[in-house]
Amino acid sequence: MNWVFFLYFSAMSVASASNIGGTRQDILHNDDGGYRNILVAISRSVPEDLSLLNRIQGHFESASEFLFEATEKQVYFSDITILVPNTWTLNSSWEVAEDETFDKARILVGPANRVWGDKPYTLQPGLCGVEGDYIHYTPEYLTNGTAQGRNIVKEFAHLKWGLFDEDVSINEKVAFRLHNENSELSSTRCGEYIGSFVNKITGEVCDMSKEKDPNCLYVPTAAKTDSSILYAHHLPSVTKFCSKETHYRGHPNRQNRLCEDRSAWEVMNSLPDFGVDHQKKRIENFSLIPRIKIIQEIGAKSHTNQRPITENPNGLKTTPTTTVEEDEKKSGDEIEYEITKKDANDVNVVVSVTAKPVPNSQPIAISTRVDSHDIDFKPNSTD
């Protein structure tokens, strides 16, 4: 077999696909620069947390504004769809998913990765300028991380435009995080920063007078320029991608190695997304705030069948401990109720009582005693 031809053909096959096997949704682009058809899917293993939906929406709103400014007002996020798993309670305000699935989403929210932990990452099996497969976030990062909106823009640059980090990845073994620049040790980066070299294990400042330590990382604390998002997106003064004029060619990072020393903007300008001036296509007073639609997987169950807490004339609250569905499965067995009453010290006293439902009849009365107080009440109807 001609191995040179085989390797070339394999590389071109990967490069021609927008994602692995073309199984994930394509991200579409409006004439005015708005990105739509972006599916964010929450894993079934993520515990139900409605506040997570609000956070995702807020992060994309800030990301859209940041993306707009970072691309010289060319692109932004127009429409985002959030897919909620069917392990969460059914919500009538959400639409039911049609053909949207977790496996088709381009942005995933799930448990921490064994390699990356809670650090966001993008799976990029392709070459420079080729779309990646998906972005992965964890609920922990979306809840307690920093600069989430800015990070969405950085990871989207990996996903949609096939760009790479200008630092050295935490799992890189080929390039060193430091290199000689004018006979002095310097960090692998793009842009000018104020910072220090820190040992990633001990947290102490590195002694750079000695032979370079592979555990030493350059930690930027402030930027002298407005770039670069692919290196230090978290710094407030960083608002741009590196251009031909500001890019550091030759630094041993993936952006240089895979993109032949081209800057982020040089690659972006070679893509159809930036082939026209989108500003000329916009209506006046258009909004950068993306439209958010929430949908849910088929098969979610409602909790509205839980019998409500009621209060009888004696002021005692009666809470059935079973649901309507559970009662039906019992086929006439007794229903268990919990009676709650506050005693003289304002402490809740709970006692369980049972009642056997009588079909097609009025609710039956139950008599019991709590702290020597006679209690008479009627539970909810079992119909």
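Reading the values: rules and limits
Note on numbering: residues in each chain are counted from 1, in written sequence order. Since the coordinates come from a predicted model, pLDDT governs what is reported: local features require at least 70, and pairs of side-chain atoms require 80 or more to be given and counted, while whole-chain, interface and lining totals use all residues. Side-chain numbers come from the whole structure's heavy atoms, not from hydrogens or water. By convention a nonpolar core is built from buried Ala, Val, Leu, Ile, Met, Phe, Trp, Tyr and Cys residues, the set being connected through side-chain atoms within 4.5 Å. We call a residue buried when its accessible area falls under 20% of the maximum for its residue type, exposed when it is over 50%, and partly exposed in between, using a 1.4 Å probe and counting protein chains only. Helix numbers and strand numbers start at the N terminus; a helix is a DSSP run of H or I with at least 4 residues, a strand a run of E with at least 2. Stacked, tilted and edge-to-face pairs are distinguished by plane angle, under 30 degrees for stacked and over 60 for edge-to-face with tilted covering the rest, among Phe, Tyr and Trp rings (Trp via its six-membered ring) whose centres lie within 6.5 Å. When a carboxyl oxygen of Asp or Glu lies within 4 Å of a side-chain nitrogen of Lys or Arg, that pair is called a salt bridge. Residues are treated as being in contact if the distance between any of their heavy atoms lies within 4.5 Å. Think of it this way: DSSP has to see at least two bridges between two strands before they count as a pair. Note on geometry: axes are lines fitted to C-alpha atoms, helical ones only across the stretch in contact, with angles between N-to-C directions running from 0 to 180 degrees. A helix is expected to reach a length of 1.5 Å times the quantity of its residues less one.

1. As for the nonpolar core
Ranked by internal contacts, the top residues of the largest apolar core, which has 56 residues, are Tyr 35, Ile 42, Ile 56, Phe 77, Trp 161 and Phe 241. Counting residues per element, this core draws most heavily on helix H2 (residues 50-70), which supplies eight residues. Core analysis: the second largest hydrophobic core is formed by nine residues, Leu 83, Ala 105, Leu 108 and Tyr 121 among them.

2. Regarding the packing of aromatic side chains
Under the criterion given, the structure shown has 12 aromatic pairs. Ring geometry for Trp 161 and Phe 241: centres 5.9 Å apart, planes at 75 degrees, overall edge-to-face. With Trp 161 in helix H4 (residues 148-161) and Phe 241 in the loop between helix H5 (229-232) and helix H6 (254-258), this pair connects stretches of sequence that are 80 residues apart. Trp 161 sits in the buried class, given a relative accessible area of 0%. Judged by its relative accessible area of 3%, Phe 241 is buried.

3. Concerning the pattern of salt bridges
Enumeration according to the criterion identifies 10 salt bridges in this entry. We note a salt bridge from Glu 297 to Arg 44, for which the minimum N-O separation is 3.0 Å. Pair noted here: Glu 297 is in the loop between strand E14 (291-296) and strand E15 (310-311) and Arg 44 is in the loop between strand E3 (38-42) and H2, with a separation of 253 residues, a long-range link. Under the relative-accessibility criterion, Arg 44 is labelled exposed at 51%. Through salt bridges with shared partners, a single network forms among Arg 106, Glu 131, Lys 160 and Asp 273.

4. Notes on the environment of Leu 163
With respect to the helices and strands, the residue Leu 163 is situated in the loop between H4 and strand E10 (178-181). As a C-alpha pair, Leu 163 and Gln 124 span 39 residues in sequence and 9.2 Å in three-dimensional space. The contact partners of Leu 163, leaving out residues within four places of it in the chain, are Gln 124, Ala 157, His 158, Leu 230, Gln 255, Ala 264, Val 267 and Met 268.

5. Some details on the sheet that holds strand E7 (residues 107-109)
Taking strand neighbours across the sheet as the criterion, the seven strands line up as E6-E14-E5-E3-E7-E9-E8 in an open arrangement whose pairing is mixed. The outermost strands of the open sheet, each flanked by one partner alone, are strand E6 (95-96) and strand E8 (121-123). In this sheet, E7 lies alongside E3 in parallel orientation, the contact comprising three bridges. Paired with Ala 41 across the two strands is Leu 108, which belongs to E7. The sheet contacts of H2 involve E3, strand E5 (79-84), E7 and E14, and relative to E3 the element is tilted by about 150 degrees.

6. As for H2
For H2, with 21 residues, the first-to-last C-alpha span of 31 Å sits near the 30 Å given by 1.5 Å per residue. Taken residue by residue, H2 has Leu 52, Leu 53, Ile 56, His 59, Phe 60, Ala 63, Ser 64, Phe 66, Leu 67, Phe 68 and Ala 70 as its buried positions. Taken from the residues just after H2, Glu 72 is the one with a positive phi, measuring 55 degrees.

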